[in-house]
Amino acid sequence: MARRHSSSSLYILFIILVTTSSSSAHSDFFTSIGQMTDLVFTEKDLVTSLKDYIRAEESKLEQIKKSADRLDVVSAVATKDPEGFLGHPVNAFKLMKRLNTEWRELENLVLTDMSDVFISNLTIQRQYFPNDDDQTGAAKALIRLQDTYQLDTNTLSTGELPGLSSSDRVTSLSSLTVDDCYDLGRVAYSEADYYHTELWMAQALRQLDQGETSTAVDAVTILDYLSYAVYQQGELERALAFTKMLLQLDSTHQRANGNLKYFEYQLAKQKKAEEAKNEEEEKEEEVRKKREIQDDYLPERKKYERLCRGEGLKLTTRRQSRLFCRYYDNSRHPRYVIGPVKQEDEWDSPHIVRYLDIISEREMEKVKELAKPRLRRATISNPLTGVLETAHYRISKSAWLAAYEHPLVDKINRRIEDLTGLDVSTAEELQVANYGVGGQYEPHFDFGRKDEPDAFEELGTGNRIATWLFYMSDIHAGGATVFTDIGASVRPRKGTAVFWYNLYPSGEGDYRTRHAACPVLVGNKWVSNKWIHERGQEFRRRCGLHESN
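Residues numbered from 1 in each chain as written. Predicted model: local features only at pLDDT ≥ 70, side-chain atom pairs only at ≥ 80, totals over all residues. Heavy atoms only, no water.

Enquirer: I'm lost on the packing of helix α16 (residues 361-371) against helix α17 (residues 407-420) in this one. Help?
Expert: The axes of two packed helices give the description: the angle between them and the distance between them. It is at 11 Å that the axes of α16 and α17 come closest, and there the two elements cross at 120°. Of the possible angle classes, the one that applies to α16 and α17 is oblique. Between α16 and α17 the crossing geometry is left-handed. Two secondary-structure elements touch here, α16 through Arg362, Glu363, Lys366, Val367 and Leu370 and α17 through Leu408, Val409, Lys411, Ile412 and Arg415. The class makeup of the residues in the contact of α16 with α17 is five nonpolar, no polar and five charged. (Axes fitted to C-alpha atoms, helices over the stretch in contact; angles between N-to-C directions. Helix = DSSP H or I, 4+ residues; strand = E, 2+ residues; numbered from the N terminus. Parallel < 35°, antiparallel > 145°, perpendicular 65-115°, else oblique. Left-handed = near helix turned anticlockwise from the far one by under 90°. Contact = heavy atoms within 4.5 Å. Nonpolar A, V, L, I, M, F, W, Y, C, P; charged D, E, K, R; others polar.)

Right, dumping it as structure tokens:
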């Protein structure tokens, strides 16, 4: 028995070591929907294992119940006339046997742990589980989607998101419980984001008032967070109102009683200050604020979010009249003379074109298959050092595929070269990216600016002259590529690719190409891109006479 216990301990120690060593390899799950799909099957396996454990426990209890029923019958007869019962030698023998043997066997059965297999399976699978950072990252993603697409908490809570078709039936599985709303509020609170703390705590309270039950949180706790959140936003009267509601439910709440006195004191103080304030000063203050807010002033973040919602697009009728579609063979390239590709203009200046049906379903699936095991949290080049770092404003995972790794990658590279007329031998490897929950890439330039001369120095191939971007999935809602400077939006369409130049022929950066990937609201976004560099293009894209030609 001692040896068996020792081997079990060694096994558990081994599992712990495996779990610890592999935890770094399986991190940031929330940044890739593609990798998160594996978690669905992991959970399915655990549910199967859990059901097996339940059946084993039920079988064990059934055996115990049968023994109990049989022993109950025997003891009922024996206790009526113990001497008469034991006067029969068989009964006396069986009593000795029961107490000496059968009860010991019954004790062993009761003590048998049926959970060994389930616990072992759970311990092994735990190495693939998300961690606290993943849960927090997913919560922040929901809040980001809420802001970008101006969704109210009830829309997110019910799961009835824009972009869902009638066939995508919303079930209770896609809705948020009181506990879920409370957890979102706590994530916001931990970030000192009191605006969203208020929104999600208020939603949790509403669902409680509507009759939903919770075993983890009550109205008192939610009101405590609510009162503090609105106080931090400077709304003393509402903070006082929430505190009074809390005290009606729990009059002994120590912090609420203290807050009540403090809020009442601060309100009285505030009213005295307001009475003393001159009305003329108030008018002057309003005029000053209006002067500060320019009608045409719109921070880039707001522009970005508006474009993601389909607002603020600068696609005028005149501009639209200059956009065409055509069959394209790149000046009668041998590969495309007989079978030209479909090309359409997405924008006139800078010129952004889209190629339709440019990558097949089979090719896209193969690229995903090659990339998926190697997906890692997306990195960006530090503008000062040129070193790759984790991009906290880029919620996705990516992998790099070299031409020598698979014939398909080489074939795709040749296709890009044939259609663009640019040399891809100096380009970066094909990057494949899969976006996560609310996956996005905030506004950025693909090319290195003058203030970051070492951005691509280690590559030795010059700046990024152009970008080729494949869309390898359709998105139900969100996920557009938007150009914040020019007010353009390009929707993902599976099997297509968009192309634009980042540099003028002179080598100067085209700052109009600043772009972003909008948060994915509904869907699983896969893209792959090729960043083409300057070296090798000297006679393929000659320098113009003017800097911005």
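Past the structure itself, the notes keep going.
Enquirer: Would you take a moment to explain the pattern of salt bridges for this structure?
Expert: Oppositely charged side chains can pair when the atoms bearing their charge come close. Under the criterion given, the structure shown has 33 salt bridges. Of the charged contacts in the structure, one is a salt bridge between Glu363 and Lys411, with a shortest N-O distance of 3.6 Å. Remark: Lys411 occurs in helix α17 and Glu363 occurs in helix α16; sequence separation between them is 48 residues. Among the salt bridges present, the one from Asp510 reaches Arg512, with a minimum N-O distance of 2.9 Å. Where salt bridges share partners, they join Glu344, Glu346, Arg354 and Arg493 into one cluster. (Salt bridge = Lys/Arg side-chain N within 4 Å of Asp/Glu carboxyl O.)

Enquirer: Looking at this structure, how should I read the environment of Gly185?
Expert: Summarising the element assignment, Gly185 is placed in helix α8 (residues 178-190). The sequence separation of Gly185 and His196 amounts to 11 residues, and the corresponding C-alpha distance is 6.6 Å. Each residue touching Gly185, except ones within four places of it in the same chain, is listed here: Thr197, Trp200 and Met201.

Enquirer: How should the state of the cysteines be read in this particular structure?
Expert: Simply put, the disulfide is a covalent bond whose two ends are the sulfur atoms of two cysteines. Tallying each qualifying case throughout the model produces one disulfide. Two residues, Cys308 and Cys518, share a disulfide whose sulfurs are 2.0 Å apart. Because the torsion about its S-S bond is -90°, the bridge between Cys308 and Cys518 counts as left-handed. Here Cys308 is found in helix α14 (residues 300-308), whereas its partner Cys518 is found in the loop between β15 (515-517) and β16 (520-523), with 210 residues between them in sequence. (Disulfide = S-S within 2.5 Å.)

Enquirer: Where do I start with the packing of aromatic side chains in this structure?
Expert: The relative placement of two aromatic rings is captured by the distance of their centres and the angle of their planes. Under the definition given, this model contains 21 aromatic pairs. Centre to centre, the rings of Tyr189 and Tyr194 are 6.0 Å apart; their planes meet at 75°, and the pair counts as edge-to-face. For Tyr189, a relative accessible area of 31% translates into the label partly exposed. Taking the centre distance of 5.2 Å and the plane angle of 50° together, the rings of Phe445 and Phe447 count as tilted. Take Phe445: its relative accessible area is 16%, and that puts it in the buried class. By relative accessible area, which is 1% here, Phe447 ends up buried. Each residue in the set Tyr182, Tyr189, Tyr194, Tyr225, Tyr228, Tyr231, Tyr262 and Phe263 is aromatic and connected to the rest through ring pairs, giving one cluster. Lying over the aromatic face of Phe447, Arg449 brings its terminal NZ or CZ to 5.9 Å of the ring centre. Sitting above the plane of the Trp531 ring, Arg464 keeps its charged end 3.6 Å from the centroid. (Phe/Tyr/Trp six-rings, centres within 6.5 Å; stacked < 30°, edge-to-face > 60°. Buried < 20%, exposed > 50% of the residue type's maximum accessible area, 1.4 Å probe, protein only. Lys NZ or Arg CZ within 6 Å of the ring centre and 35° of its normal.)

Enquirer: I tried to follow helix α11 (residues 236-249) on my own but got confused; where do I start?
Expert: The terminal C-alpha atoms of α11 lie 20 Å apart, and with 14 residues this matches the ideal 20 Å at 1.5 Å per residue to within 8%. Along α11, the residues that are buried comprise Leu236, Ala239, Leu240, Phe242, Thr243, Leu246 and Leu247. Buried residues of α11, seen end-on, are gathered within an arc of 165° and therefore sit on one face of the element. Structural note: α11 exposes Glu237, Gln248 and Leu249 on the side pointing more than 90 degrees away from its buried face. (Expected span 1.5 Å × (residues − 1). Arc of directions from axis to C-beta.)

Enquirer: Would you take a moment to explain the side chain of Thr31 for this structure?
Expert: Take Thr31: it is sitting in the loop between α1 (2-22) and α2 (33-80). Discounting chain neighbours no more than four positions away, the residues touching Thr31 are Arg377, Ile395, Ser396, Lys397, Asn434, Tyr435 and Gly436.

Enquirer: How should I be thinking about the layout of surface pockets in this particular structure?
Expert: Think of a ball as big as a water molecule: rolled over the atoms, this probe shows where empty space is left. Considered as a void within the structure, the largest pocket measures approximately 1600 Å³ in volume. Along the walls of the largest pocket sit 39 residues, with Met36, Ala138, Leu142, Leu173 and Val437 positioned nearest its centre. Within the residue set of the lining of the largest pocket, elements represented by two or more residues are α2, α6 (132-148), α8 and β16. In terms of residues, the lining of the largest pocket owes the most to one element, α6, which gives seven residues. A breakdown of the residues in the lining of the largest pocket according to their chemical character gives 23 nonpolar, nine polar and seven charged. (1 Å grid on protein atoms, 1.4 Å probe; cavity = no way out; pocket = protein on both sides within 12 Å on 5 of 7 lines; lining within 4 Å. Points joined across faces, edges and corners; volume = space filled by probe spheres on them.)

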